[in-house]
Amino acid sequence: MMNLSAVNTTTVNPWVLNPSQKANARLRLFCFPYAGGGAAIYRAWPAGLPKSVEVRPVQLPGREGRLREAPFSSLRPMVEAVGEALLPLLDMPFAFFGHSMGGILSFELARWLRREHGLAPEHLFVSARWAPQVIDEDPPTYNLPEAEFLEEVRSLNGTPEEVLKHPELLQLILPLLRADFEVCQAYTYEAEPPLNCPLTVYGGLMDETVERHKLEGWREHTTGPFTLRMFPGNHFFLNSDRSLLLHTLSQDLERFMHTMK
């Protein structure tokens, strides 16, 4: 899950990287990582998206350049901290993209911004995350003994095998993985009115944990247009089918930017 390569960019603040800072951008796209992942997973995105889009990967504590910081183990404080960090950058039209854990983070962040500041993204893109009201019937795994927890991590196919077999790297990332898993598995949905922005959901045809019917439930969380698109690949089609994903996302971004005032 965790990409250990560094992101060599200038930071606006520790929370947000800006590899594609553009003076003439029409839209700022904030990208949120999956469990165990960091901003590096989005480092190639600026080259694959429209020139009018400024990509801002969000860097959460406990990974890559913030490795020494304690990760969050609960979604609510994570949302509040990210929200406060992003506020100075919401001075132009913005959108959110989040994959898996990043999907539920971006959704709850959109609701927090509406409640606390009367702000809203122009568009919300949720990838590989079931609708928030869907109950996860699987037992939590974040608190399993180490051997069992590692088997669970390995089964998701998101962490390189060389990392899982490297004792020092493993001990470095295990606390982060447990914390991120707890963020996802302990999340409890609380009903609020639907968002007003368009909502686009991406899923993997081979994703056995987030099936299509679990993605359909996102439809009730917007009063605006809703779109569901399925890609080849498993839960991590974000990586395995990146070119197709970026091509599709580019088309979706161009389409809705034409409607922006």
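As shown above, the structure is provided for reference.
A. Representation of the sheet that holds strand S4 (residues 53-57). The strand order across the open sheet built from six strands is S4-S3-S5-S6-S7-S8, with neighbouring strands paired in parallel fashion. The strands lining the two open edges of the sheet, one partner per strand, are S4 and strand S8 (226-231). Neighbour-to-neighbour, the strand axes of this sheet turn through a mean angle of 15°, independent of strand direction. By the bridge criterion, four bridges tie strand S6 (residues 123-127) to strand S7 (residues 199-204) in an arrangement that is parallel. Among the inter-strand pairings, Leu124 is bridged to a residue of S7, identified as Leu199.

B. The packing of aromatic side chains, seen in detail. Under the counting rule described, the total for this entry stands at 15 aromatic pairs. Seen in terms of ring centroids, Phe149 and Phe181 are 5.2 Å apart; in terms of plane orientation they differ by 65°. Their pairing is edge-to-face. With Phe149 in helix H4 (residues 146-155) and Phe181 in helix H6 (residues 167-185), the pair connects residues that are 32 residues apart, well separated along the chain. For the pair Phe149 and Phe181, a shared accessibility class is recorded, and that class is buried. An aromatic cluster is present here, built from Tyr42, Trp45, Phe97, Phe125, Tyr202, Phe231, Phe237 and Phe256 joined pairwise through their rings. One Lys or Arg, Arg178, reaches over the ring of Phe149 and ends 4.5 Å from the middle of that ring. Taking the ring centre of Trp130 as reference, the NZ or CZ of Lys214 above it sits at 5.4 Å.

Rules used throughout
- Counting of residues starts from 1 at the beginning of each chain's written sequence and follows it residue by residue.
- Owing to the predicted nature of the model, reporting of local features is limited to residues with pLDDT of at least 70; listing and counting of side-chain atom pairs is limited to 80 or more, with chain, interface and lining totals taken over all residues.
- For side-chain calculations, the full set of non-hydrogen atoms in the structure is used, while hydrogens and water are omitted.
- In this analysis, strands are considered paired if DSSP registers two or more bridges between them.
- Put simply, DSSP marks the helices as runs of H or I at least four residues long and the strands as runs of E at least two long, and each gets a number from the N terminus on.
- Each axis is a line fitted through C-alpha atoms, taken for helices only over the stretch in contact, and angles between the N-to-C directions span 0 to 180 degrees.
- Planes of paired rings set the category: under 30 degrees apart is stacked, over 60 is edge-to-face and the rest tilted, where pairs are Phe, Tyr or Trp rings (Trp by its six-membered ring) whose centres lie within 6.5 Å.
- Relative accessibility thresholds used throughout: buried, under 20% of the residue-type maximum; exposed, over 50%; partly exposed, between the two (1.4 Å probe, protein chains only).
- Definition used: whenever NZ (Lys) or CZ (Arg) falls within 6 Å of the ring centre and also within 35 degrees of the ring normal, the charge is taken to sit over that ring.

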